[in-house]
Amino acid sequence: MGSGARITAVLGPTNTGKTHYAIERMLAHRTGVIGLPLRLLAREVYDRIVAARGPSVAALVTGEERIVGARAQYWVCTVEAMPTDIGADFLAVDEIQLCADPERGHVFTDRLLNARGLLETLFLGSDTMRGAIAALVPGVQFLKRERFSTLSHTGSKKLSRMPPRSAVVGFSVENVYAIAELIRRQKGGAAVVMGALSPRTRNAQVAMYQAGEVDYLVATDAIGMGLNLDIGHVAFSATAKFDGWRMRPLFPHELAQIAGRAGRHMAPGTFGVTGEAAALAPEVIDAIETHRFAPVRRLNWRAADLDFGSADRLIGSLEASPANEWLQRGREADDLRALKALAELAAVRDLLGHPRDLRLLWDVCRIPDFQGISPQEHANLLSRIFAFLRQGHVPDDWLAEQIRRIDKTEGDIDALSKRLAYIRTWTYVAQRDRWVADEIHWRGETRAVEDRLSDALHAALTQRFVDRRTSVLLRRLKQKEGLVAEVNDKGEVTVEGEFVGRLEGFRFRQDGSASPDEARTLRQAAYEALRPEFHLRADRFYNAPDTEFDFTEQGGLMWGTHAVGKLVKGADVLRPQVEPFVDEEAGFDVAEKVRRRLQHFIDRKIATLFEQLLNLQRDEALAGLARGFAFRLVEALGVIPRDGVAAEVKALDQDTRGALRKHGVRFGQYTIFQSALLKPAPTRLRLVLWSLHEGLDEFPESPPPGLVTVPNIEGVPKGYYTLSGYHPAGARAIRIDMLERLADILRTQDSRAGFEATPDMLSITGMTLEQFADLMAGLGYRGERGEREKVRAEPVARPEGEGQAANPITEEETALQTVTEAEVFYTFTWAPRPRAPRGERPNRGPRPEGAPQEGGERRESRPQGEGGDRPRADRGEHGDRPRGGKPHGKSHGKPHGKSEGKPGAKPRREEERARSFESRPPRKDRIDPDNPFAAALMGLRDKI
C-alpha cells in the first residue's frame, strides 16, 4: 500500500472510544479496511457500517464468514482475514498490543510492519506499544486517548453480595459453569459469555444481559476484547490461567484489559476479586487504576516472505529468525505444527509436485483446530481435505455427510458446544474460494446449521443458568411475540391478553395490581412489545407539526395530552434546554430523537414569540449606551420597570432612543417595554423562562388574558407582575399598556391644583370610582373624597285629555323638571411620600408631571402615534416621573431648569392658574403655529 500514507497510533486504555474513532475515520474515506481481533467484534462493527452506509458498500470477511456487498468499499475483517492488497485509502488494526501475544502475535506484527492504507493508517491499542511502534514504524504520529470514566478497586466481594450489573470472570469452562449455577441459585440467573461460543450464541446471551433479563454475566477473558457491555463491576474469580502451555498469573495489563469493561462511557466502573481468588497486589491495583504498565519490549514475529520451493524450504522460511532487536520468533503456531506433520506423510509429499501445490497445502494447514482434537487427528483431517482439493474440490456428498452428522439440536450444553466447534471447520472450508463446487449453497448450509446450533445452545444455557420461574414468559415472547404482548392505538399494553399498563408518551406506566415477582416479569415482557413501538412512535413524534406540541406554565412539554419532557435551565434565559421523558428501555436513539424534536419546538416558539427581542439582541448597529440598554432589556425579557433604569434612560439621547424604537421599544412613564411582548402568548412563555432561569420550585401562572386589572397579591415572587405585563398599584395591578394610556391623560391634568377622574380614566381602567381612587393612591396620588349636589333635568309628559289615545311624547309636548341628587367625587393631587434620609430612600417609582423634582432632563420628541399615545408637541416622550402641574408655561415648585416663560412673568394664584390659560404666555418651543394641535390650543386660549 501507499508508503506516503499518514500513519497514526491511537493509544490508550479501554473505554476511550478508539474503535469508534477508527470507524469515523474510515467512513471519511472513499474506501477502507479495518482488522479486529474477534469475529464477534467484526460483526458488531460491520452492522454499524451497514446502518450508516447500507449493505451494498460494506463487506464482512472472517475465517468463517464472508459477506461482500455489490459495491463493497468498507471491509470489516478479523486481523487474520483482512485483505492487504486491495489498495484501500484507509486501513486500521485494532488491539495492536496483541503483537506480543504468544499465539497470534506474529499476525498482528505483520500488519504493523506491512499493512498500510493509501492515505491513512491507524493502529489502535494500549499505550504499552508506544516504544515498539516508534521504533518499527517510521514517521508514525501518536494520539493518546484518555478513559471516559474512572476505574477503581473495591476489594473482595462474595457472590451473594455481588451488586447488580456485575461480570464475574473465570478462565475455564468448568469454572464459568460453576459460578453461573451458583448465581442462578442466589440471584435468579446469569448470562454466559465464552470465546468458545459462536458469535450468535454470545450475542443472544449478551442481549439477555443487556435487556435486564438477568443482572449478572459470567464470562472468560473473551469480554476483554472490545465488547461494549453495560457492566458496573468486574470480579475476578481467579487471577491465573492456562495459556496453552502452562498455568501462569495474568499480567497487570491483561487484568486491566478485562477490568476495563466496567464503566460504560461516562459511568464509573469498579473491579475486585471474588471466591477463592487471591487479593490483588497494591502495585497491580495502582497500575490498573492509573493505566500505567510496563512497556512491550518484544513483538512476536514470523516471516511474511515465504519460500514455496519445497516443504523443507517453506518450513525453514517460517522458522527464520528476525534481524530486528524488537522482534522475536513466536511460539510455534498450530498451522506450522500442522505443516510439519503433513510434510512427513508420504501420501502428502507425493502430491507436492509444484509450488502451487505447496501453497495449497499451506492454505489447508491454516484451517484452525476449532474441534480441539489431538494434533494427529487434526493433521489427518487436513490431509484428507488437501487430497480432495488436489483433485479439484471437496466432494459434495462427503461434505454433506459431515454436516448431517453435526446438524442435531438435541443434547446438553457440552454436546451442542462440540457440534458448534465441528461446524465451524466446515464453515471455514466453505468460505475459501473454489474449495467447494457450489460455494453459495454450502456457505448458506453451513451458516444455517451454525445458527440452529447456536440458538439451541443459547436456549440450553438459559434453561440451565436462568431461573425458569422468571423467564418462562420471556421465552414465550421470543417464540410468538405478536401473540403474547401487544400495544393498541390507545397505548394500552397487554401480555397474553391481560392489561399490564399504558404507554403515555414515551413512558410505560405499569399496572400496580401484580405481585413484585410477577410485575418484574410482566414489565420485561411488556418492553419486548414496546421496543418497536418506541421507534415507530418516535418517528411519528419527530415528524409531527408544532401545532401538536405545547408547554405548560410549569415548564412541562406536552404532545397532545401526554407529557414528553420538561424545560431545564440553559446557559441563557432565552436558550433553555429540554429533558425528554423517555424510558431507558426505549434506547438512546429514541431519547435523542425526542430531545431534538422538543428542542426544535421550543427554539422556534421563542424565535416566533420573541422576534422583536431577538432582533434587538442581534442588531449590530446598536453601540454604546444603546447596546447596553438593549442588553438590559433582553436580560429582562422585554419588560423592565422604568425606575430601575432611570439613570440609563436619562443618559440616552434622541438618536439612541430612536434606534431602540425601531425595535418596538416603548419608553413608558412607568415601564420600558416592547408592545408585542405584552400579548398573552409571549407573556405566558416569558413567565416560564423567567421562573426556569430563577430556579423557582413552583412557577407562577400568567393572568387570564383580556383583564385590564388583576388583584395585587402579597407574597408573589419579585418581578412577577412586571413580567406578567402588569404594574401593581394599590389593591390591584393594572396592565402596563393601559397604565401608559392613563398616564397620557394624567399628564394633561394639574396635579397640584387637583383634578377629578374623568369617564375616560374610568373607561381605560374598567374600574369603579372607589377602585380608581385606590389605584391612584398606589400611583402616588392623594384622593380626597367629596360629595356635591348634582342637578339633572328629566322630561315630564303633558297630561292626556279624556278620550284621547295615548301617544308617544313628542318634543313639543315635553316639559322639563329638575332633579337634585348627591354625587360622590374625588379630587386627586400628587402626593409623593416623604424623602428618606440619604442612603435610606425607598424606591418610589416615577412621579407624575408637575411633581416637585430635583434637576431634570430634557425630553426628546416622540414620534406621533407611538404606542397608542396621543401626539404632543410639548412632550415627545414620557419623563422619568409624571409631570402634570405645568402643561404650558413655567415650571412650578422647585425650579429644575431654565425658565422658558416670558421674562418678568409673575406668579398667579392657584385658582387662576387652574381655570385659565389667558395670562399664561405660550412657550415658543412648545406651541408651533404649524402644528394643528398647537394651533387648536392657541385658538382655545383666545376664546377663553
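Report follows, based on the coordinates. Throughout, residues of each chain are indexed from 1 in the direction in which the sequence is written. Given that this is a predicted model, residues contribute local features only at a pLDDT of at least 70 and side-chain atom pairs are listed and counted only at 80 or more, while totals for whole chains, interfaces and linings are drawn from all residues. Water and hydrogen atoms were dropped before computing side-chain values, which therefore reflect all heavy atoms in the structure.

1. Focus: the sheet that holds strand 26 (residues 575–580)
Read from one edge of the open sheet, four strands run 23-24-25-26, paired in antiparallel fashion. In the strand order of this sheet, the two ends are held by strand 23 (549–551) and strand 26, each with one partner. For this sheet, the mean inter-axis angle between neighbouring strands, taken without regard to orientation, is 30 degrees. A pair of strands is considered paired only if DSSP assigns at least 2 bridges between the two. Strands here mean DSSP runs of E at least two residues long; helices mean DSSP runs of H or I at least four residues long; both are numbered from the N terminus. Pairing analysis gives five bridges linking strand 25 (residues 562–572) to strand 26, with the strands arranged antiparallel. From the neighbouring strand, glycine 565 faces strand 26, where its bridge partner is proline 580. A contact between two residues is defined here by any heavy atoms of the two lying within 4.5 Å. Where helices are involved, their axes are fitted lines through C-alpha atoms of the stretch in contact, as for all axes, and angles between N-to-C directions lie from 0 to 180°. Here helix 20 (residues 588–609) sits on the sheet and contacts strand 23, strand 24 (556–559), strand 25 and strand 26; the angle it forms with strand 26, its principal contact strand, is near 150 degrees.

2. Topic: helix 13 (residues 375–391)
Along its 17 residues, helix 13 runs 25 Å from first to last C-alpha, staying within 8% of the 24 Å computed at 1.5 Å per residue. Only protein chains enter the accessibility calculation, which uses a 1.4 Å probe; a residue is then buried when its area is under 20% of its type maximum, exposed when over 50%, and partly exposed in between. All of the buried residues along helix 13 are His378, Ala379, Leu381, Leu382, Ser383, Ile385, Phe386, Phe388 and Leu389. Elements that come into contact with the buried residues of helix 13 comprise helix 10 (334–343), helix 11 (346–349), helix 12 (355–365), helix 14 (396–406) and helix 15 (413–431). The first or second residue beyond helix 13 is glycine 392, which carries a positive phi of 150 degrees. Working rule for helices: expected span equals 1.5 Å times residues minus one.

3. Looking at the packing of aromatic side chains
Between rings of Phe, Tyr and Trp, where Trp is taken as its six-membered ring, a pair exists when centres lie within 6.5 Å; planes separated by under 30 degrees are stacked, by over 60 edge-to-face, and by other angles tilted. Following the criterion strictly, the structure yields 18 aromatic pairs and no others. For the ring pair phenylalanine 541 and tryptophan 559, a centre distance of 4.9 Å and an interplane angle of 80 degrees mean the geometry is edge-to-face. With phenylalanine 541 in helix 19 (residues 516–543) and tryptophan 559 in strand 24, this pair connects stretches of sequence that are 18 residues apart. Classification of phenylalanine 541 as buried rests on a relative accessible area of 0%. Between tyrosine 781 and tryptophan 830, the aromatic rings sit 5.3 Å apart at their centres with planes inclined by 75 degrees, giving edge-to-face as the arrangement. Separated by 49 residues along the polypeptide, tyrosine 781 in strand 34 (residues 781–797) and tryptophan 830 in strand 35 (residues 814–830) bring together distant segments of the chain.

4. Here we look at the packing of helix 10 against helix 12
In contact at an axis separation of 8 Å, helix 10 and helix 12 are set at 130 degrees when each is read in the N-to-C sense. On the basis of their axis angle, the class for helix 10 and helix 12 is oblique. For the pair helix 10 and helix 12, the crossing hand works out as right-handed. Each of Asp335, Leu336, Ala338, Leu339 and Leu342 in helix 10 lies in contact with helix 12, whose residues at this interface are Leu361, Trp362 and Cys365. Split by residue class, the contact of helix 10 with helix 12 holds seven nonpolar, no polar and one charged. Any angle from 65 to 115 degrees is called roughly perpendicular, while one under 35 is roughly parallel, one over 145 is roughly antiparallel, and all others are oblique. By definition, turning the near helix anticlockwise from the far helix through less than a right angle yields a left-handed crossing, and turning it clockwise yields a right-handed one. Charged means Asp, Glu, Lys or Arg here, nonpolar means Ala, Val, Leu, Ile, Met, Phe, Trp, Tyr, Cys or Pro, and polar covers whatever is left, Gly included.

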